[in-house]
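Spelled out, the chains give:
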Amino acid sequence: VQLQASGGGSVQAGGSLRLSCAASGLTSNNYMMGWFRRTPGKEREIVAAIRTSTGATYYINSVKGRFTISRDRAKNTVYLQMNSLKPEDTAVYYCAAQRNPISSTWDYTQRYDYWGQGTQVTVSS
């Protein structure tokens, strides 16, 4: 399994970015796909996740109403649309995939089996 994240960049506060995670080698249509982020000195944190079989989505409170996770089954790609960006959203963003997911583990970092490389998002004030 390979995950290729892209779409990061630099924007001013209030701006938008869309991250993409292209997946290859997935063997089923039932994964939990997550977006994580990490800032220097902090642990990696989950931002949002989507269950590919049902489309169920999950978000941390700080991004609800601003970020939207979605998937395109035909393209095996998961997106993270980020609107109303804030300086505190600045981080390296990673996508990850969890096999045989259950809803209650969407935010369990250790349950994710595959990771993509990071893409930098910088939000200036």
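Novice: Got a minute to help me understand the overall build of the protein chain in this structure?
Specialist: When its secondary structure is counted, the protein chain shows 0 helices and 11 strands. Relative to the globule expectation of 14 Å for 125 residues, the C-alpha radius of gyration of the protein chain, 13 Å, shows essentially globular dimensions. Considering only C-alpha atoms, the protein chain reaches an extent of 40 × 25 × 25 Å along its principal axes. Taking the intrachain contacts of the protein chain between residues at least 6 apart in sequence as the baseline, contacts between residues at least 24 apart amount to 54%. In the form shown here, the protein chain has an accessible surface area of approximately 6300 Å², with 44% of it arising from carbon and sulfur atoms.

Novice: Help me understand the layout of surface pockets, please; the structure alone is not making it clear to me.
Specialist: Gaps left between atoms are located by rolling a probe of water-molecule size over the structure's atoms. Computed from the structure, the largest pocket encloses a volume of approximately 190 Å³. Residue lining of the largest pocket: Ala-23, Leu-26, Ser-28, Asn-29, Met-33, Thr-52, Arg-71, Asp-72, Arg-73, Asn-76, Thr-77 and Val-78, and that is the complete set. Secondary structure elements with two or more residues in the lining of the largest pocket: β7 (67–72) and β8 (77–82). Grouping the amino acids of the lining of the largest pocket by side-chain chemistry returns 4 nonpolar, 5 polar and 3 charged.

Novice: I would appreciate a short explanation of the state of the cysteines in the present structure.
Specialist: Two cysteines form a disulfide when their sulfur atoms are joined by a covalent bond. According to the stated counting rule, one finds 1 disulfide in the structure shown. Each sulfur of the disulfide joining Cys-21 and Cys-95 lies 2.2 Å from the other. Residues Cys-21 and Cys-95 share a disulfide whose torsion about the S-S bond is about 70°; that sign makes it right-handed. Of this pair, Cys-21 sits in strand β3 (residues 17–24) while Cys-95 sits in strand β9 (residues 91–99), and the two are 74 residues apart along the sequence. For Cys-95, a relative accessible area of 1% puts it in the buried group.

Novice: What exactly am I supposed to notice about the environment of Ala-91 here?
Specialist: With respect to the element layout, Ala-91 can be found in strand β9. In the structure, Ala-91 is positioned 83 residues away from Gly-8 in sequence and 9.7 Å away in space, judged by C-alpha atoms. Residues within four places of Ala-91 in sequence aside, it is in contact with Arg-37, Arg-38, Thr-39, Thr-119, Gln-120 and Val-121.

Novice: Looking at this structure, I do not really get the packing of aromatic side chains. What am I missing?
Specialist: Within a pair of aromatic rings, the relevant descriptors are the distance that separates the centres and the angle that separates the planes. Inspection of the entire model under this criterion finds 4 aromatic pairs. Ring geometry for Phe-36 versus Tyr-112: centroids 4.9 Å apart, planes at 85°, classification edge-to-face. Of the two residues, Phe-36 is situated in strand β4 (residues 31–38) and Tyr-112 in the loop between β9 and β10 (114–115); the sequence distance between them amounts to 76 residues. For the pair formed by Phe-36 and Tyr-112, the shared burial category is buried. Consider the rings of Tyr-112 and Trp-115, whose centres lie 6.2 Å apart with planes at 55°: the pair is tilted. In this structure Tyr-112 comes out as buried when scored by relative accessible area, which is 5%. Feature note: the residues Phe-36, Tyr-112 and Trp-115 constitute an aromatic cluster, connected by ring pairs. Its guanidinium or amino end placed over the ring of Trp-115, Arg-44 lies 3.9 Å from that ring's centre, counting from NZ or CZ.

Rules and cut-offs
Residues numbered from 1 in each chain as written. Predicted model: local features only at pLDDT ≥ 70, side-chain atom pairs only at ≥ 80, totals over all residues. Heavy atoms only, no water. Helix = DSSP H or I, 4+ residues; strand = E, 2+ residues; numbered from the N terminus. Rg over C-alpha atoms; globule rule 2.2 N^0.38 Å. Contact = heavy atoms within 4.5 Å. Areas by Shrake-Rupley, 256 points an atom, 1.4 Å probe, with all protein chains shown as cover. 1 Å grid on protein atoms, 1.4 Å probe; cavity = no way out; pocket = protein on both sides within 12 Å on 5 of 7 lines; lining within 4 Å. Points joined across faces, edges and corners; volume = space filled by probe spheres on them. Nonpolar A, V, L, I, M, F, W, Y, C, P; charged D, E, K, R; others polar. Disulfide = S-S within 2.5 Å. Buried < 20%, exposed > 50% of the residue type's maximum accessible area, 1.4 Å probe, protein only. Phe/Tyr/Trp six-rings, centres within 6.5 Å; stacked < 30°, edge-to-face > 60°. Lys NZ or Arg CZ within 6 Å of the ring centre and 35° of its normal.

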